[in-house]
Amino acid sequence: MKMKIKWTYSFKGRKTDFESDWMEKSEVLPIVNDLQKTGRVKTLSIMDELHNEWTLKEFAKLDKQLDEEPSDVQLFFDGGYNLSLNEAGIGVVIYYKKNDKNYRVRMNERLMQLESNNEAEYAALHRGVMMLEEIGVKQVPVTIFGDSNVVLKQLSGEWPCYEEVLNTWLDRIELKVKAMGIAPLYNPIDRKENKEADKLATQALEGTYVNSHSVIE
């Protein structure tokens, strides 16, 4: 998660407020220590992307704890529907950082009783959000990538959702995201940019299943 430093600088009786650009969490304390060497920093706080704000003392205590929680989370999802078989395949890929290591989670699944490709896409994203909860993602921004404009634009509020079935999935996703304190950033991408999740969804329809959670270089 990105952080921002806010401080009040005092010089010859005049005080001025400053605010840094967004930076990696690991950069915060070294920069703060350098600022404090001036002897002119009167007040200082650290803010994250969700607008949580801490004093330096509070942040120093939280720093190690935050390292042990998932951050820089990216979720890719895809759903495919076989009309002749009335079956859907879903694929989900999640990337995140924890304790200075990079992780990747992959899974796919074949689902019955869905009605359309759009519903398969919603089901894939819902499964992805549930996976985020399983790995401990909470109170952080999450970038969600998919090649379904329908799903992403409906969830972002840009497009209305009139179909009752899809509205049910939309409500489930929004409720879970809210409960986890996630700030979702919905990012539509081309199918070629979503090939990993797409392949997983196709493999599920073919009967090849994947479920892995590993450290990546």
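Here the residue index of a chain counts from 1 through its sequence in written order. Owing to the predicted nature of the model, reporting of local features is limited to residues with pLDDT of at least 70; listing and counting of side-chain atom pairs is limited to 80 or more, with chain, interface and lining totals taken over all residues. The side-chain numbers reported here are obtained from all heavy atoms of the structure, hydrogens and water having been left aside.

### Quick word on the environment of Leu56
Then, in step 1: Among the secondary structure elements, Leu56 is positioned in helix α2 (residues 56–67).
Then, in step 2: In the structure, Leu56 is positioned 158 residues away from Ser214 in sequence and 34 Å away in space, judged by C-alpha atoms.
Then, in step 3: Setting aside chain neighbours within four positions, we find Leu56 in contact with Leu29, Val32, Gln36, Leu44 and Ile46. Helix and strand definitions follow DSSP, with helices as H or I runs of at least four residues and strands as E runs of at least two, each counted in order from the N terminus. Working rule for contacts: check all heavy atoms of both residues, and any pair within 4.5 Å makes them a contact.

### Brief notes about the packing of helix α3 (residues 117–134) against helix α5 (residues 164–180)
Then, in step 1: Running from amino to carboxyl end, α3 crosses α5 at an angle of 15°, the nearest separation of the two axes being 10 Å. Comparing the axis directions of α3 and α5 gives the class roughly parallel. In this structure, α3 meets α5 at a crossing whose hand is left-handed. Within the contact between the two elements, α3 uses Asn118, Glu119, Tyr122, Ala123, Leu125, His126, Val129, Met130, Leu132 and Glu133 and α5 uses Val165, Leu166, Trp169, Leu170, Arg172, Ile173, Lys176, Val177 and Met180.
Then, in step 2: Among the residues forming the contact of α3 with α5, the class breakdown is 13 nonpolar, two polar and four charged. For helices, the axis comes from a line fit to the C-alpha atoms of the stretch in contact; other axes are also lines fit to C-alpha atoms, and the angle between any two N-to-C directions lies between 0 and 180 degrees. We call two directions roughly parallel when the angle between them is under 35 degrees, roughly antiparallel when it is over 145, roughly perpendicular when it lies between 65 and 115, and oblique otherwise. Left-handed describes a crossing whose near helix is turned anticlockwise from the far helix by less than a right angle; the clockwise case is right-handed. Side-chain classes are defined by residue name, with Ala, Val, Leu, Ile, Met, Phe, Trp, Tyr, Cys and Pro counting as nonpolar, Asp, Glu, Lys and Arg as charged, and the others, Gly among them, as polar.

### Quick word on the pattern of salt bridges
Then, in step 1: Within this document, salt bridges are pairs made up of a side-chain nitrogen of Lys or Arg and a carboxyl oxygen of Asp or Glu, the two lying within 4 Å of each other. Applying the stated criterion across every chain, the model contains 15 salt bridges.
Then, in step 2: Notably, a salt bridge pairs Glu109 with Arg127, separated by 3.7 Å at the nearest N-O pair. One end of the pair, Glu109, is in strand β8 (residues 101–112); the other, Arg127, is in helix α3, with 18 residues separating them in the sequence.
Then, in step 3: Each residue gets one of three labels from its accessible area relative to the maximum for its type: buried under 20%, exposed over 50%, partly exposed in between, using a 1.4 Å probe on protein chains only. Taking the relative accessible area as the measure of exposure, Arg127 reaches 25% and is therefore partly exposed.
Then, in step 4: One salt bridge connects Asp147 with Arg191, and the closest N-O pair in it is separated by 3.5 Å. Of this pair, Asp147 sits in the loop between β9 (141–146) and α4 (149–155) while Arg191 sits in the loop between β10 (183–188) and α6 (195–206); the two residues are 44 residues apart in sequence, bridging distant segments of the chain.
Then, in step 5: The exposure class of Asp147 is buried, given its relative accessible area of 18%.
Then, in step 6: In this structure Arg191 comes out as partly exposed when scored by relative accessible area, which is 44%.

Don't take any of this as a statement about function, it's just geometry.
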